[in-house]
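Listed below are the residues making up each chain.
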Amino acid sequence: MKKFRALIIGNDINAYYLARCYHEFTGEKADLLANYIAGEKPFSYTRYTNILNIRYRENLWDEKVFLEELDLYFNEHKKEKILLVSSNETYGEFIAKNKAKLKKKFFFNYPSVKLQHTLVNKEDFYKTYADYEIDLPRSIYYDCTKDEKINECDITFPVIVKPANVILFKHISFAGKKKIYKLENMEELNDVINKFKKGNYTDTIIIQEYIPGDDSHLFDAVVYADKNKKVKMVSFAQIGLQEHAPRMIGNAAVIINGYSQYPGVEEQIEKIRKFTEKIGYQGFAEFDMKYDARDGKYKVMEINARQGRCSYYIVPAGFNLIELLYKDLIEGKDLKYKVCNKEVLETFVPKKVVKKYITNEEYKAKVLSMWKDRVEALNYKKDTSFLRKLLLIKIRYNYIKDYKNFKWDWK
């Protein structure tokens, strides 16, 4: 293998496990570029690590600053091949938007900005792909820039409410902010709408049917489509527990790849493959789904135009994310299509949380039977400084507190 560098943009769990992928594949440290806010401590997930060279830059969310920093980095390493990978949608959009310039300096694999927008903006997503292979939940839309009243006859409670524009939502703050809301009546719905407006959210919110079922009805699929827009890998994993902190609802806390208690997995994987190729996607994508027992369909809640926060599970299942990018983009290999179906348990929470908060007893038993061989994206045996160990203990303790203090009513 010829040497190459990996420049990871971002500073979250996703960014850390991408660095871990690079280290597992090459034995070398990855480089990380992250936003810095004056007066704030660097985000915890990448602190005290031995597998990253980290550089911070103020205002990296600004596209001009972002491009300046990439130019600086390229000029330092212009004699080397550089793989460029973002951990979030904002930077992924910047990369796609400046593809003509950046492709002369870096190797990367992202869909067009236009295609990204149809996925990242949830209103565009549900409207654009209503008649495609995948199944979607019923949704209506409310424009927060207007003062229109919602017709209560159009809504059957409970409902799920979430922002259509996740990038805008990520960069604003207001009291009671959550990633998604489950609401029981019009009073709660109007209250949330007012919070969005007062928080200067100036786009559409999605008001969506609630699909019944506990967390074990949730599923995750990771897709990789090569530079020629052909799908080369699809995973399919059943979630048993999602996070409960308000800003983290919807993120998997316990997940098993290659396992499902519900039927129709092969058919759903094929739907995902066909859909991904039909829309001309390239790069990594994550499908968030919920199994609807009423009609036996996996409803796609959203598609992230990147690898997901919990996507590390595909690595011990045989598909290192960095290796896939390297073989496709730098080596130019024609990868064969494979389904990632090896059983792998990935968890972000301690066993105490698993035992207490997973409500599906069959799923819980499966998790506990696999516990000894579990993987944790942040817990890397080759990155075990004393301070990092303390950090992981703190993260686990915070999870215990979050589950104790915050509840998610799935009934």
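Preceding block: the structure.
Residues numbered from 1 in each chain as written. Predicted model: local features only at pLDDT ≥ 70, side-chain atom pairs only at ≥ 80, totals over all residues. Heavy atoms only, no water.

Explain empty space enclosed by the protein to me, please; I cannot follow it from the model alone.
Rolled over the atoms, a probe sized like a water molecule indicates the empty space that remains. Applying the stated criterion across every chain, the model contains 2 cavities of 30 Å³ or more. Volume-wise, the largest cavity comes out at about 120 Å³. At 4 residues, the largest contribution of residues to the lining of the largest cavity is made by helix α13 (residues 386–405). The residue makeup of the lining of the largest cavity, split by class, is 8 nonpolar, 2 polar and 2 charged. In this model, the second largest cavity occupies a volume close to 60 Å³. Contributing to the lining of the second largest cavity are Leu 84, Val 85, Phe 108, Asn 109, Tyr 110, Phe 284, Ala 305, Arg 306, Gln 307 and Leu 325. (1 Å grid on protein atoms, 1.4 Å probe; cavity = no way out; pocket = protein on both sides within 12 Å on 5 of 7 lines; lining within 4 Å. Points joined across faces, edges and corners; volume = space filled by probe spheres on them. Helix = DSSP H or I, 4+ residues; strand = E, 2+ residues; numbered from the N terminus. Nonpolar A, V, L, I, M, F, W, Y, C, P; charged D, E, K, R; others polar.)

Teacher, can you tell me more about the pairing of strand β9 (residues 218–225) here?
On a regular strand, each side chain points to the face opposite its neighbour's, so the side chains alternate between the two faces of the sheet. Burial analysis of β9 places 8 of its 8 residues in the buried class, which makes it a mostly covered element. Where burial is concerned, the two faces of β9 agree: the one with Leu 218, Asp 220, Val 222 and Tyr 224 and the one with Phe 219, Ala 221, Val 223 and Ala 225 are both buried. Pairing of β9 with strand β13 (residues 283–292), which is carried by 8 bridges, proceeds in the antiparallel orientation. The residue of β13 that forms the bridge with Asp 220 is Asp 288. Here β9 pairs with strand β11 (residues 237–242) via 2 bridges, running antiparallel. Bridging from a neighbouring strand, Phe 219 pairs with Gln 238 of β11. Relative to strand β10 (residues 231–235), β9 is paired through 3 bridges, and the arrangement is antiparallel. Counterpart to Tyr 224 in the pairing with β10 is Met 233. Where β9 folds back on β10, the antiparallel hairpin that results is connected by 5 residues, among which Lys 229 adopts a positive phi of roughly 70°. (Buried < 20%, exposed > 50% of the residue type's maximum accessible area, 1.4 Å probe, protein only. Pairing = 2+ DSSP bridges.)

Explain the side chain of Asp 203 to me, please; I cannot follow it from the model alone.
Examined against the element boundaries, Asp 203 turns out to sit in the loop between α8 (186–198) and β8 (204–209). Although buried, Asp 203 forms no salt bridge, and the nearest oppositely charged side chain, Lys 127, lies 9.4 Å from it. Side-chain polar atoms of Asp 203 contact the side chain of Asn 165, separated by 3.1 Å. (Lys, Arg positive; Asp, Glu negative; His and termini not counted. Salt bridge = Lys/Arg side-chain N within 4 Å of Asp/Glu carboxyl O. Polar contact = N/O pair within 3.5 Å; in protein donor to acceptor, adjacent residues only side chain to side chain.)

Teacher, can you tell me more about helix α10 (residues 321–330) here?
Residues that lie three or four places apart on an α-helix share one face, since the helix turns once every 3.6 residues. The buried count for α10 comes to 8 of 10 residues, which makes it a mostly enclosed element. For α10, the complete set of buried residues consists of Leu 321, Ile 322, Leu 324, Leu 325, Tyr 326, Asp 328, Leu 329 and Ile 330. The inward-facing, buried residues of α10 abut α1 (13–26), β4 (82–86), β9, β10 and β13. Backbone nitrogen of Ile 322 and a side-chain oxygen of the N-cap are separated by 2.9 Å at the start of α10; the cap is Asn 320. Directly beyond the C-terminal end of α10, a positive phi value near 75° is found at Gly 332. (Contact = heavy atoms within 4.5 Å.)

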